[in-house]
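Listed below, chain by chain, are the residues.
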Amino acid sequence: MTGSALALTPFETEALLLSLRASSAAVLWSLPPGIALGWLLARRRFPGRALVNALVHLPLVLPPVVLGYLLLVLFGRHGPLGAPLEAVFGIRFAFSQAGVVLACAVVSFPLMVRAIRQVAEAADPRLEAVARSLGASEARVFATVTLPLMAPGIVAGMTLAFARALGEFGATITLAANIPGETQTLPLALFTVVQSPGGEAQALRLCLLSLCLAGVALLGSEWLARRFSWAEARP
């Protein structure tokens, strides 16, 4: 295969950059609530905990198109959440890049919470108790002890959420549509070229590009997890 065949076209570059921006933004916006919910579900027992857990994991079992439709109903221009957000803050989710970020964030959020929760459950609470016995406040204990203990799960959750966001299709096309240069991510671009006559070669390139991005994200997650494990194992 020649170098010119490997070079990305402007169409492919645009879809790639949009996917990277949307996935990164989705992870960053999801991170604070992801850490809070992961810790809460791992360390606290409260009324309605099972319901909260079910709602967090609902996007894993709902068909993405159904999830996208629900987001469109809630965050559309006339929706109960979308209308006031647009009127007060000028934020429009339907058929916009903000909608792409929202769809990616909602779909990938359960993976982030799950990874953080698992590490929070495995962390030794005695280390936090020692810090409290030395006079540290709850906020300081969380910042200096709990968060470092949860760091492997946070990194793994961010990486998994990023990889999932890169591959999001159903919720994105339902909420944000498939607008070239505006909401057309890599999966939507692949869908477009598959529907076009003679688009097999470009579809193959987009498919390989998506596979490479997902592989790099997962390998990066494994490498970071090992680095954290080595750091914790050092005396």
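In this report, we go over the structure that sits alongside the text.

Thresholds, definitions, all that
The residue count restarts for each chain, going from 1 along the sequence in the order it is written. Thresholds applied to this predicted model are a pLDDT of at least 70 for local features of residues and 80 or more for the giving and counting of side-chain atom pairs; totals over whole chains, interfaces and linings are not thresholded and use all residues. Values shown for side chains rest on all heavy atoms present in the structure; no hydrogens or waters enter the calculation. Secondary structure elements are taken from DSSP: a helix is a run of H or I of four residues or more, a strand is a run of E of two residues or more, and numbering for both begins at the N terminus. For each residue, the accessible area found with a 1.4 Å probe, counting protein chains only, is set against the maximum for its type, and the residue is called buried under 20%, exposed over 50%, and partly exposed in between. Contact between two residues is taken to exist if any of their heavy atoms lie within 4.5 Å; hydrogens are not considered. Using a 1.4 Å probe, the Shrake-Rupley method yields the accessible areas, and only the shown protein chains count as cover for residues. We count Lys and Arg on the positive side and Asp and Glu on the negative side, and we leave His and both chain ends out. Charge positions come from single atoms, namely NZ of Lys, CZ of Arg, CG of Asp or CD of Glu. Each axis is a line fitted through C-alpha atoms, taken for helices only over the stretch in contact, and angles between the N-to-C directions span 0 to 180 degrees. The sense of a crossing depends on the near helix, which, turned anticlockwise from the far helix by less than a right angle, makes the crossing left-handed and, turned clockwise, makes it right-handed. Gly is placed with the polar residues, together with every amino acid not listed as nonpolar (Ala, Val, Leu, Ile, Met, Phe, Trp, Tyr, Cys and Pro) or charged (Asp, Glu, Lys and Arg). The set of buried Ala, Val, Leu, Ile, Met, Phe, Trp, Tyr and Cys residues whose side-chain atoms join them within 4.5 Å is what this entry labels a nonpolar core. Two rings from Phe, Tyr or Trp (for Trp, the six-membered ring) form a pair when their centres are within 6.5 Å of each other. A pair whose planes differ by under 30 degrees is stacked, one over 60 is edge-to-face, and the rest are tilted. Roughly parallel here means an angle under 35 degrees, roughly antiparallel means over 145, roughly perpendicular means 65 to 115, and every remaining angle is called oblique. Here, patches come from residues exposed beyond 30% relative accessible area and free of salt bridges, joined within 9 Å for like charges and within 5 Å for nonpolar side chains (Val, Leu, Ile, Met, Phe, Trp, Tyr). A side-chain nitrogen of Lys or Arg and a carboxyl oxygen of Asp or Glu constitute a salt bridge if their distance falls within 4 Å.

Right, let's talk about the overall build of the protein for a bit. Counting its regular elements, the protein contains eleven helices and zero strands. Going residue by residue from the N terminus, the α and β elements of the protein occur as α-α-α-α-α-α-α-α-α-α-α. With the principal axes as the frame, the protein shows a C-alpha extent of 70 × 50 × 30 Å. Each of the 235 residues in the protein was classed as buried or not, and the buried ones make up 38%. In the protein, once contacts between residues fewer than 6 apart in sequence are set aside, the share between residues at least 24 apart is 71%. When the accessible area of the protein is evaluated, it comes to approximately 12,800 Å², of which 70% is carbon and sulfur surface. In the protein, 17 positive and 12 negative side-chain charges are present, and the distance between their average locations comes to 8 Å.

On to the packing of helix H2 (residues 10-43) against helix H6 (residues 97-122), then. Relative to each other, H2 and H6 sit at 35°, their axes nearing to 6 Å. Like other packed secondary-structure pairs, H2 and H6 cross with a definite hand, here right-handed. Tallied by class, the residues present in the contact of H2 with H6 amount to 22 nonpolar, four polar and four charged.

For the rest of this paragraph, the subject is the nonpolar core. In terms of nonpolar packing, the biggest core is built from ten residues, these being Val27, Leu31, Ile35, Ala42, Met112, Ile116, Ala120, Met150, Ile154 and Ala161. For this core, the elements supplying multiple residues, two or more each, are H2, H6 and helix H8 (138-166).

The next point concerns the packing of aromatic side chains. Enumeration over the complete set of coordinates arrives at three aromatic pairs. Judged by centre distance (5.9 Å) and plane angle (85°), the ring pair of Trp39 and Phe142 falls under edge-to-face. With Trp39 in helix H2 and Phe142 in helix H8, the pair connects residues that are 103 residues apart, well separated along the chain. An angle of 70° between the planes, with centres 5.2 Å apart, marks the rings of Phe75 and Phe93 as edge-to-face.

Here we come to the packing of H6 against H8. Between H6 and H8, whose axes approach to 8 Å, the crossing angle comes to 155°. It follows that H6 is roughly antiparallel to H8 by the angle criterion. Where H6 crosses over H8, the two elements pack in a sense that is right-handed. For the pair formed by H6 and H8, the contact residues are Cys104, Val107, Ser108, Leu111, Met112, Ala115, Ile116, Val119 and Ala120 on the first element and Leu149, Met150, Pro152, Gly153, Ile154, Ala156, Gly157, Met158, Leu160, Ala161, Arg164 and Ala165 on the second. Of the residues assigned to the contact of H6 with H8, the class counts are 17 nonpolar, three polar and one charged.

This part is about a nonpolar patch on the surface. The grouping of Leu51, Leu55, Leu58, Leu60 and Val61 at the surface amounts to a nonpolar patch, some 490 Å² of accessible area in total. Summarising the element assignment, Leu55 is placed in helix H3 (residues 49-61). Classification of Leu55 as exposed rests on a relative accessible area of 54%.

Okay, the pattern of salt bridges next. Applying the stated criterion to the full structure yields seven salt bridges. Note that Glu12 and Arg205 form a salt bridge whose closest N and O atoms lie 2.6 Å from each other. Linking Glu12 in helix H2 with Arg205 in helix H11 (residues 200-233), this pair joins segments that are 193 residues apart in sequence. Here Arg126 makes a salt bridge to Asp124, at a shortest N to O gap of 2.9 Å. Overall, Arg126 belongs to the exposed group, its relative accessible area being 62%. Since its relative accessible area comes to 27%, Asp124 is described here as partly exposed.

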